[in-house]
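# Chain and residue survey
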Amino acid sequence: MFPVRQPWLCKALGCYDCCIRCIGAVPYPSLVATLLCYAGMALFCGCGHEALSQTEVLVETYFARNVQDFVVLASFIKYFQYVIYGLAPFFFLYGILLLAEGFYTTSAVKQTFGEFRSTQCGRCLSLTFIIVTYILAFIWLAVFAFTAIPVFFLFNMEQTCHNINILAETTPSINQHGWICMDARQYGLLPWNAMPGKACGMTLASICKTSEFYVTYDLYIAAFAGAGITLLALFLYMIATTYNYAVLRFLGRKGIR
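Summary of the structure given here.

## Observations regarding the overall build of the protein
- Counting its regular elements, the protein contains 7 helices and 2 strands.
- Ordered by position in the sequence, the α and β elements of the protein form the string α-α-α-α-α-β-β-α-α.
- Residues classed as buried in the protein amount to 39% of the 257 residues present.
- Expressed as a percentage of contacts within the protein between residues at least 6 apart in sequence, the contacts between residues at least 24 apart total 79%.
- When the accessible surface of the protein is totalled, it reaches about 14600 Å², and 71% of it is carbon and sulfur.

## A look at the nonpolar core
- Of all hydrophobic cores here, the largest spans 53 residues; its most connected members are Met41, Phe44, Trp140, Met157 and Leu190.
- A total of 12 residues in this core trace back to one element, the largest contributor, which is helix α7 (residues 211-253).
- Beyond its immediate sequence surroundings of up to four residues, Met157 is in contact with Phe63, Met182, Leu204, Ile207, Cys208 and Phe213.

Scoring rules and cut-offs
- Residues numbered from 1 in each chain as written.
- Predicted model: local features only at pLDDT ≥ 70, side-chain atom pairs only at ≥ 80, totals over all residues.
- Heavy atoms only, no water.
- Helix = DSSP H or I, 4+ residues; strand = E, 2+ residues; numbered from the N terminus.
- Buried < 20%, exposed > 50% of the residue type's maximum accessible area, 1.4 Å probe, protein only.
- Contact = heavy atoms within 4.5 Å.
- Areas by Shrake-Rupley, 256 points an atom, 1.4 Å probe, with all protein chains shown as cover.
- Core = buried A, V, L, I, M, F, W, Y, C linked by side-chain atoms within 4.5 Å.

And the structure:
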């Protein structure tokens with residue numbers, strides 16, 4: 001045993017015990033989910049905003065000659081960029097609220113701060129966060145699937161260009177690869193009456209060699225990864241909040257208010 005006559009040692013032990021209590025009160029799942037949410041939203045919002053701008057330039061330069069052909073796409077890009085402006089602060093504030101709720105429920109469950117207990121209002125608030133998080137997770141699942149569409153389009157475009165380059169090296173005739181095309185109208189990017197609306201043969205291969213194509217492709221991949229990270233963060237939030245709420249209900253039934 002440590003000698004009791006050394007008050008500085010007792011004081012150090014008291015500080016150590018306080019630190020252990022504070023560390024035990026940290027909601028690590030909520031903290032990890034918050035960090036993932038911020039990282040995912042930073043990727044999705046930053047790269048997604050720039051990818052949309054590059055998409056407008058790419059379509060305007062190579063797939064549409066008339067301005068009226070891509071006016072709908074330009075309006076959609078502009079509105080979606082406004083949505084991104086709103087998503088960034090919303091998820092920042094919501095992540096802070098969920099982290100604070102995680103601190104509250106963890107402290108209430110572990111009874112870290114003496115007489116601090118869960119209340120009916122606190123459990124109702126936790127249930128509200130669970131419902132909102134479930135709704136956001138299902139909405140974001142649709143956003144995650146929607147983000148895969150431009151990645152799929154650019155991936156097919158890259159593979160088509162690769163096939164054209166192989167045919168150009170193996171066959172001298174231009175007719176062998178001139179019929180290989182990429183039609184932006186099939187993916188809903190342009191109306192069916194847009195001209196030319198598609199790129200074929202070596203014209204398509206030259207597009208794939210431009211910096212605009214590679215930058216846009218990489219940005220969409222980063223935005224897709226950011227959406228996936230955010231979806232993972234929402235799932236972690238769902239698990240953490242549901243578990244904490246279940247424990248709070250259990251404590252409430254035992255009469256711990």
